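In case you want the letters, here they are:
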Amino acid sequence: MTQVTNPHHIDTAPVRAFLQQLQNDIVDALQGIDGQAFRCDTWQRPNQGGSGDTRVSEGGAVLERGGVAYSHVRGTQLPSSASAQRPELAGRAFEAMGVSLVLHPRNPYAPTVHMNVRCFVAHATADDAAPVFWFGGGMDLTPYYGFDEDCQHFHQTCRDALAPWGEGSHARYQHYKQWCDEYFFLKHRNEPRGIGGIFFDDLNQPDFDSAFALMRSVGSHFLAAYLPILQRRKDMPYGERERAFQAYRRGRYVEFNLVYDRGTLFGLQFGGRIESILMSLPPQVAWRYDWQPEPGSAEARLYQRYLQAHDWAQLPPR
């Protein structure tokens, strides 16, 4: 546990250690399923601006593209995307660290998944203004062909990640679920990106240790949430129709990341490493003009059943 004993200093070393171990654990598990080693690409920002480790797998038997990135960046003042939300922090030196991943399986029956956990610290200033910190993160699932048992398992595991927080944990899950549904929504399409999960940001209560513990629990539950689904779907037979629909729906993923995603916008405005920022984009994607699924088809069922709001953690499969 990190104890914030100095009101003008926050020790982020335990957070960094957790994030680096989390990246290792996730990559090791994925390599065991895919049978292909991830490429390890370490990098340094100039002028002691931070460093990172981007690990990517492309062209695997299971993962068409998968990226698991750790970063720890520092700066002398906030990018405009962050200072616009917190103008009182404009001009402060800061550091931001996190693990972010996106996995695009080859099989259209296996859903795309995203997970991110992060910590942000705006340091104390010369006039003795105290440091400001917050944690954020979450995970969400984007199926192309939905299965109730997958949605139920994913959301139940998200709920389990919040269970240690007592009697209010279910209310917290509902709050973070709604936050996720609202955040991962394509306003210009008037549709959700997928079936959601949990999402939270600006978490700094009741104290640093507690907020860190919640973030740590969310990150540590990722493998339990996703690997059983990937194992169930990775070997299902599919054809050109399913691949074409997967490519079409992946277009929604690209649109969200380039138009709305805060992490992408922060990285681009901060002058971040472009390969790491855009590793989340799928390798094969397609757009069609005014395409509509055939009524009664499996593709139509995605819209009718899975791109609708449900309390998946409570809903029995059908």
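This text gives an overview of the structure that appears in the document. Treat the numbers as computed from the prediction; the structure is a model and nothing was measured.

### A few points about the environment of Val56
Okay, so step 1: Relative to the helices and strands, Val56 is located in strand S2 (residues 50–58).
Okay, so step 2: For the pair formed by Val56 and Phe38, sequence separation is 18 residues and the distance between their alpha carbons is 5.1 Å.
Okay, so step 3: Once residues lying within four places of it in the same chain are set aside, the contact partners of Val56 are Phe38, Arg39, Gly66, Gly67 and Met279.

### Description of the pairing of strand S3 (residues 63–75)
Okay, so step 1: Across the 13 residues that make up S3, a large majority, 11, are buried.
Okay, so step 2: Judged from the 9 bridges that link them, S2 and S3 form a sheet pairing that is antiparallel. Directly across from Ser51, in S3, lies its bridge partner His72.
Okay, so step 3: Bridge count between S3 and strand S4 (residues 94–105): 12 bridges; the pairing is antiparallel. Among the inter-strand pairings, Ser71 is bridged to a residue of S4, identified as Gly98.

### Description of the nonpolar core
Okay, so step 1: Among the nonpolar cores identified, the biggest contains 62 residues, and Val15, Leu19, Met115, Phe135, Met215, Val218 and Phe222 are the most heavily contacted of them.
Okay, so step 2: Setting aside its immediate chain neighbours within four residues, Val15 contacts Met97, Cys119, Phe135, Phe208, Phe212 and Met215.
Okay, so step 3: Within the second largest apolar cluster, 9 residues are counted, among which are Trp43, Val73, Phe94 and Phe120.

### Some words on the packing of aromatic side chains
Okay, so step 1: Counted by the stated rule, this structure contains 24 aromatic pairs.
Okay, so step 2: An angle of 40° between the planes, with centres 5.8 Å apart, marks the rings of Phe256 and Tyr260 as tilted.
Okay, so step 3: For Tyr260, a relative accessible area of 22% corresponds to the partly exposed category.
Okay, so step 4: Taken together, Tyr176, Trp179, Tyr183, Phe184, Phe199, Phe200, Phe256 and Tyr260 form an aromatic cluster joined through their ring pairs.

### Regarding the pattern of salt bridges
Okay, so step 1: Applying the stated rule across the entire model yields 19 salt bridges.
Okay, so step 2: A salt bridge links Asp150 to Arg233; the nearest nitrogen and oxygen atoms lie 2.8 Å apart. Of this pair, Asp150 sits in helix H3 (residues 148–161) while Arg233 sits in helix H6 (residues 222–233), placing them 83 residues apart in sequence. Just as Asp150 is buried, Arg233 falls in that class too.
Okay, so step 3: With a closest N to O distance of 3.1 Å, Asp181 and Lys177 form a salt bridge.

Basis of the calculations
- Residues numbered from 1 in each chain as written.
- Predicted model: local features only at pLDDT ≥ 70, side-chain atom pairs only at ≥ 80, totals over all residues.
- Heavy atoms only, no water.
- Helix = DSSP H or I, 4+ residues; strand = E, 2+ residues; numbered from the N terminus.
- Contact = heavy atoms within 4.5 Å.
- Buried < 20%, exposed > 50% of the residue type's maximum accessible area, 1.4 Å probe, protein only.
- Pairing = 2+ DSSP bridges.
- Core = buried A, V, L, I, M, F, W, Y, C linked by side-chain atoms within 4.5 Å.
- Phe/Tyr/Trp six-rings, centres within 6.5 Å; stacked < 30°, edge-to-face > 60°.
- Salt bridge = Lys/Arg side-chain N within 4 Å of Asp/Glu carboxyl O.

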